[in-house]
Amino acid sequence: MTEVYKYRADVGSNWKLFIDAFAEFYHAPILHAKQAVADESRKLQGVGFEALAYDIDGPHGMVSSWGGMAPPKDPAMVKPIERVLRSGLFGPWDRPIDIDELPEGINPARHPAWGVDAFVLFPNFMLLVWAPNWYLTYHYWPTSHNSHTFEGTLYFVPPKTARERVAQELAAVTFKEYALQDGNTLEATQRSLESRAVSEFPLNDQEILLRHLHKSARDRVADYQLRRDESPVRISAAS
Amino acid sequence: MTNPTLPADFSDLEPFADWALETEAERYAKRLASTMDELQAFYDAAFPRLEDALTYCDKFDLHALPEDATHLLWLCYSLVNASFPVEVWRQPRVPDSGAAAMEQVIAPAV
């Protein structure tokens, strides 16, 4: 999968906040409501969201999600451009490779409506494997305590035709439109955290990866502080 | 600079040939610089020809497209970009995106 689209953004928030925004999927039917046609959007919001599977391994974690939109059950569920190009957020509908059996770690629940698995590889790397044979990576590069550079990269099987190429273009452009919405919430979150007005964030049952990320990060900070405090004081020569 | 020329079968799209832009940055910038009326006019002209345009481009090897077919393909990429304001957002910018910006740093050669 060597056909690559890569995007970069400087974001005014701590790097962990963007992982918080991506390491669950229940936000999608609400924040990105307009991506589906109106009736479908209302239906999705009514249904709510539950993931298919969760797992944690050391400081890492994964969540598996359904995603029945590639192709949708009914073409009327999606936008006109998606109907013509047979593509959208979940990727091109026509799979370039027939895979008889997925590797053990992908779609661990073996659910027929499986759509995407998201892996958080601690500390700052994410990998999303999508059912229609493509994948996404996210890198979060801290540039200060309240800023980071985000990189999102899409990898596809190289298109054989212009039709396949334009279908991939739609998936890539859709990714960017979503990411702009996701990114925008982060600077507001950062500002509210810095105000110290809110000292605790309630996390819900679906936010397993978020809890695990912050626990793993805190454990490492605590470990560092312990080692720092225990180590003998060094008196450095005046410069 | 003269506008890129499209294949003769698509002369009806020639008024929109300035949408035949090679990079995503150019396409996105043109979208943001356009009014909704301009985006709607482009969409209304190009969307009904999208299927024909794909069929036309697919007569050639993707990596050996004639220049005019390349322009047509770029125009299709622009249509993808402009479809969001027209079909979904009702405004050129992505709503709820505030000051967020994102640049494409790697794109396929074709």
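Residues numbered from 1 in each chain as written. Chains lettered and ligands numbered in written order. Predicted model: local features only at pLDDT ≥ 70, side-chain atom pairs only at ≥ 80, totals over all residues. Heavy atoms only, no water.

1. A closer look at the overall build of chain B
Here is the rule: The secondary structure listing takes helices from DSSP runs of H or I that are at least 4 residues long and strands from runs of E that are at least 2 residues long, numbered from the N terminus. Burial status follows relative accessibility: with a 1.4 Å probe on protein chains alone, a residue under 20% of its type maximum counts as buried, one over 50% as exposed, and anything between as partly exposed.
The secondary structure content of chain B amounts to four helices and one strand. In sequence order, the secondary structure elements of chain B are arranged as α-α-α-α-β. For the C-alpha atoms alone, the extent of chain B along its principal axes is close to 40 × 30 × 30 Å. With 110 residues in all, chain B has 52% of them scored as buried.

2. Section: the pairing of strand E7 (residues 147-156) of chain A
All names here are of chain A. For the record, the criterion: Note on pairing: DSSP must find at least two bridges between two strands before they are called paired.
Taking burial as the measure, the ten residues of E7 include ten buried ones, the bulk of the element. Across the two faces of E7 the burial is the same, with Ser147, Thr149, Glu151, Thr153 and Tyr155 and His148, Phe150, Gly152, Leu154 and Phe156 all buried. As judged from the nine bridges shared by strand E1 (residues 3-11) and E7, these two strands associate in the antiparallel manner. Paired with Tyr5 across the strands is Leu154, a residue of E7. As paired elements, strand E6 (residues 134-144) and E7 share nine bridges and run antiparallel to each other. If you follow Thr137 over to E7, its bridge partner there is Thr153. Counting the residues that bridge the hairpin from E6 to E7 gives two residues.

3. Some thoughts on the interface of chain A and chain B
The criterion, for reference: Pairs of residues are marked as contacts when any of their non-hydrogen atoms sit within 4.5 Å. Buried area is calculated as the accessible area (1.4 Å probe) missing from two parts once they are joined, with the contributions of both summed. Here a salt bridge means any side-chain nitrogen of Lys or Arg lying within 4 Å of a carboxyl oxygen belonging to Asp or Glu.
Contacts between the two partners involve 32 residues from chain A, matched on the other side by 41 residues from chain B. Interface area, chain A with chain B, both sides summed: about 3500 Å², of which 65% is carbon and sulfur. On the chain A side of the interface with chain B, the three residues burying the most area are Arg163(A), Glu177(A) and Leu180(A), jointly 18% of the side's total. Summed over the shared surface of chain A and chain B, the number is five salt bridges.

4. Side note on the sheet that holds E1(A)
Stated formally: Helix axes are fitted only over the stretch in contact, all axes being lines through C-alpha atoms; the angle between N-to-C directions runs from 0 to 180 degrees.
What the eight strands build is an open sheet, ordered E2(A)-E3(A)-E4(A)-E5(A)-E6(A)-E7(A)-E1(A)-E1(B); its pairing is antiparallel. Strand pairing shows two members of the sheet lacking a second neighbour, strand E2 (53-57) of chain A together with strand E1 (103-106) of chain B, which therefore form its edges. If you compare each strand with its neighbour and ignore which way they point, the axes differ by 20 degrees on average. Relative to E1(A), helix H5 (residues 162-194) of chain A is tilted by about 15 degrees, and along the sheet it contacts E1, E6 and E7 of chain A. Along the sheet face, helix H6 (residues 208-230) of chain A touches E2, strand E3 (60-66) and strand E4 (114-121) of chain A and points at about 15 degrees away from the line of E2(A).

5. Considering helix H1 (residues 24-33) of chain B
The following threshold applies: The directions from the helix axis to the C-beta atoms form the arc being described.
All buried positions along H1(B) are accounted for by Glu24(B), Arg27(B), Tyr28(B) and Arg31(B). In a view along the axis of H1(B), the buried residues occupy a sector of 95 degrees, so they form one face of it. Away from its buried face by more than 90 degrees, H1(B) exposes Ala25(B) and Ala33(B). Of the surrounding elements, those touching the buried residues of H1(B) are H5 of chain A together with helix H2 (36-46), helix H4 (67-89) and E1 of chain B.

6. Some words on the confidence of the model for chain B
Put simply, the rule is: The pLDDT value tells you how sure the predictor is about a given residue, anywhere from 0 up to 100.
The pLDDT averaged across chain B works out to 94; a share of 96% of its residues lies at or above 70. Of the two predicted TM-score estimates for the complex, the pTM is 0.90 and the ipTM is 0.96.

7. Topic: unusual backbone geometry
Cis rather than trans, the peptide bond between Phe122(A) and Pro123(A) has omega equal to 5 degrees. Relative to the helices and strands, Pro123(A) is located in the loop between E4 and strand E5 (125-130). Located in the positive-phi region is Arg196(A), a residue other than glycine, with phi close to 60 degrees. Of note in this structure, Asp96(B) is not a glycine but carries a positive phi near 60 degrees. Residue position: Asp96(B) is located in the loop between H4 and E1. You can call Asp96(B) exposed: its relative accessible area is 52%.

8. A look at helix H1 (residues 15-22) of chain A
Burial analysis of H1(A) places eight of its eight residues in the buried class, which makes it a mostly covered element. Of all the positions in H1(A), only Trp15(A), Lys16(A), Leu17(A), Phe18(A), Ile19(A), Asp20(A), Ala21(A) and Phe22(A) are classed as buried.

9. Digging into the packing of aromatic side chains
Put simply, the test is: Within 6.5 Å between ring centres, the rings of Phe, Tyr and Trp (the latter by its six-membered ring) count as paired, and their orientation is classed by plane angle as stacked under 30 degrees, edge-to-face over 60, tilted in between. Any Lys NZ or Arg CZ that is within 6 Å of a ring centre and within 35 degrees of that ring's normal is treated as a charge sitting over the ring.
This structure, assessed with the given rule, holds 18 aromatic pairs over all chains. Ring pairing ties together the aromatic residues Tyr7(A), Phe18(A), Tyr138(A), Tyr140(A), Phe150(A) and Phe175(A), which thus form one cluster. Above the face of the Tyr28(B) ring, Lys176(A) is positioned so that its terminal group lies 3.5 Å from the ring centre. For the cation-ring pair, Lys30(B) lies above Trp19(B), with the distance from its terminal atom to the ring centre recorded as 4.8 Å.

10. Digging into the environment of Val105(B)
Of note, Val105(B) is situated in strand E1. Separated by 81 residues in the primary sequence, Val105(B) and Glu24(B) place their C-alpha atoms 9.6 Å from one another.

11. Structural notes on the pattern of salt bridges
All names here are of chain A. Taken as a whole, this structure holds 17 salt bridges over all chains when the rule is applied. The residue Lys215 makes a salt bridge to Asp219 at a minimum N-O spacing of 2.7 Å. One end of the pair is Lys215 and the other is Asp219, both in helix H6 and four residues apart, which spans about a single turn. Asp219 gets classed as partly exposed once you look at its relative accessible area, which sits at 37%. Salt bridges here are not isolated pairs; linked through shared partners, they connect Lys6, Arg8 and Glu151.

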